[in-house]
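Residues per chain, in single letters:
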Amino acid sequence: MKVLFVEDEKKVTEALKELCRMQGVQCDVANDGEEGLLFALNQIYDVIVLDIMLPQRSGIEILKELRAKGSKTPVLMLTAKDTVDDKVKGLDAGADDYLVKPFSAKELFARLRALGRRIDSDYVENLVTLGNFTFDLENFTATVNGEPVKLSYKEGLLLEMLIKRPDQVFSREQILDRVWGFDADVNENNIEIYIHNLRKKLKDAPIKIETLRSIGYRLKVTD
């Protein structure tokens, strides 16, 4: 799971990054509303956590623009305010959940896991099942016709990204950001190598990874 935190309190963001590291969750952090919107529009996140009170743009403004642009990424509103009006504004703008600061790490990650499971696939908890194919979203283990398929960690990250949003086209830049990170020193040729490997390993599965020339990649369910 990859999470974007849009939060301007640096002590909070440092704590969140450490908690994510301990939980094995990938995360990016934006410290103001403009940066947060740019990150969020990249559509590489499973969940976005938005503070309401932010410099430059409020969390509500960001959320409204995301939904207006068709983003379906689950959003958890995070705020120090505990009023009914603030909750209603957030939910009416398209938020999926609401958490008031201060909060417990246990509750935050339980809510993130619940929101991260809201994907458009036939799955139970963290297991995607498509005909003769299964994929464990937590452990990156897969089977085809009951036989295990060995996936590297980055192959698992790439497959997770594609299978959570079947039919969505991902650009090479989005894939690099999600799988390798914004600051990674890799090039787009790496993507084609991993796509080739996944196609080979999953050739008997009812899924197909399509290349859209000069655009990107998408996963199609074939059965």
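Preceding block: the structure.
Here goes a summary of the coordinates provided. (Residues numbered from 1 in each chain as written. Predicted model: local features only at pLDDT ≥ 70, side-chain atom pairs only at ≥ 80, totals over all residues. Heavy atoms only, no water.)

### Description of the layout of surface pockets
Test applied: Cavities and pockets were defined on a 1 Å grid built from protein atoms only: a cavity is a group of points that admits a 1.4 Å probe but offers it no way out, a pocket is an open group of points flanked by protein on both sides within 12 Å along at least five of seven lines, and a lining residue is one with an atom within 4 Å of any such point. Grid points are joined across faces, edges and corners, and a volume is the space filled by probe spheres set on the points. A run of H or I in DSSP becomes a helix once it reaches four residues, and a run of E becomes a strand once it reaches two; helices and strands are each numbered from the N terminus. Residues are sorted three ways: Asp, Glu, Lys and Arg are charged, Ala, Val, Leu, Ile, Met, Phe, Trp, Tyr, Cys and Pro are nonpolar, and all the rest, Gly among them, are polar.
As a volume, the largest pocket reaches approximately 440 Å³. Lining the largest pocket are 18 residues, and of these Met1, Gly24, Val25, Leu137 and Glu138 lie nearest its centre. Elements supplying a minimum of two residues to the lining of the largest pocket: helix H5 (105–116) and helix H6 (153–164). In terms of residues, the lining of the largest pocket owes the most to one element, H6, which gives four residues. Of the residues assigned to the lining of the largest pocket, the class counts are seven nonpolar, six polar and five charged.

### What about the pairing of strand S7 (residues 127–130)?
A regular strand carries its side chains on alternate faces of the sheet. This is how the line gets drawn: Here's how the labels work: a residue is buried when its accessible area is under 20% of the maximum for its type, exposed when over 50%, partly exposed in between, all with a 1.4 Å probe on protein chains only. Two strands make a pair as long as DSSP finds a minimum of two bridges between them.
Alternating positions in S7 separate cleanly, Val128 and Leu130 being buried on one face and Leu127 and Thr129 remaining unburied on the opposite face. As paired strands, S7 and strand S8 (residues 133–136) are joined by four bridges and run antiparallel to one another. Its bridge partner being in S8, valine 128 is matched across the sheet by phenylalanine 135. Count of turn residues in the S7/S8 antiparallel hairpin: two residues, of which glycine 131 carries a positive phi of about 60 degrees.

### Quick notes on the nonpolar core
Rules: Among buried residues, the Ala, Val, Leu, Ile, Met, Phe, Trp, Tyr and Cys ones that are joined through side-chain atoms within 4.5 Å form a nonpolar core. Any two residues having at least one pair of non-hydrogen atoms within 4.5 Å are treated as being in contact.
Grouped together as the largest cluster of nonpolar side chains are 51 residues, with contacts concentrated most on Met77, Phe133, Phe135, Leu159, Ile175 and Leu202. It is H6 that provides the largest number of residues to this core, a total of six residues. Those residues in contact with methionine 77, other than ones at most four positions away along the chain, are Leu50, Ile52, Gly59, Ile60, Leu63, Gly90, Ala95, Asp97, Tyr98 and Leu99. Residues Val3, Cys20, Val47 and Leu115 belong to the second largest nonpolar core, which totals 16 residues.

### Examining the sheet that holds strand S12 (residues 207–212)
Rule in force here: An axis is simply a line fitted to the C-alpha atoms; with a helix, the fit covers only the stretch in contact. Between two such axes, the angle follows the N-to-C directions and lies from 0 to 180 degrees.
Spatial ordering of the open sheet is given by S11-S13-S12, a layout of three strands whose pairing is antiparallel. Looking at which strands have only one partner, the edges of the open sheet turn out to be strand S11 (170–171) and S12. Sheet topology note: the S11/strand S13 (residues 216–221) ladder contains two bridges and is antiparallel. Bridge pairing links phenylalanine 170 to tyrosine 217 in S13. Lying on the sheet, helix H8 (residues 189–201) is in contact with S12 and S13; it crosses S12 at an angle near 155 degrees.

### Examining the packing of aromatic side chains
The cut-off we apply is this: Each aromatic pair joins two rings of Phe, Tyr and Trp (for Trp, the six-membered one) with centres within 6.5 Å, and gets the label stacked for planes under 30 degrees apart, edge-to-face for over 60, and tilted for any other angle.
For the structure on display, the rule yields three aromatic pairs. Each ring, one from phenylalanine 135 and one from phenylalanine 140, has its centre 6.1 Å from the other, and the planes form 5 degrees; the classification is stacked. According to the relative accessible area criterion, phenylalanine 135 is buried, its value standing at 0%. Arranged with centres 5.7 Å apart and planes meeting at 40 degrees, the rings of phenylalanine 140 and tyrosine 153 form a pair that is tilted. Linking phenylalanine 140 in the loop between S8 and strand S9 (141–144) with tyrosine 153 in helix H6, this pair joins segments that are 13 residues apart in sequence. A relative accessible area of 51% means that tyrosine 153 is categorised as exposed. Here the aromatic residues Phe135, Phe140 and Tyr153 are joined through ring pairs into a cluster of three or more.

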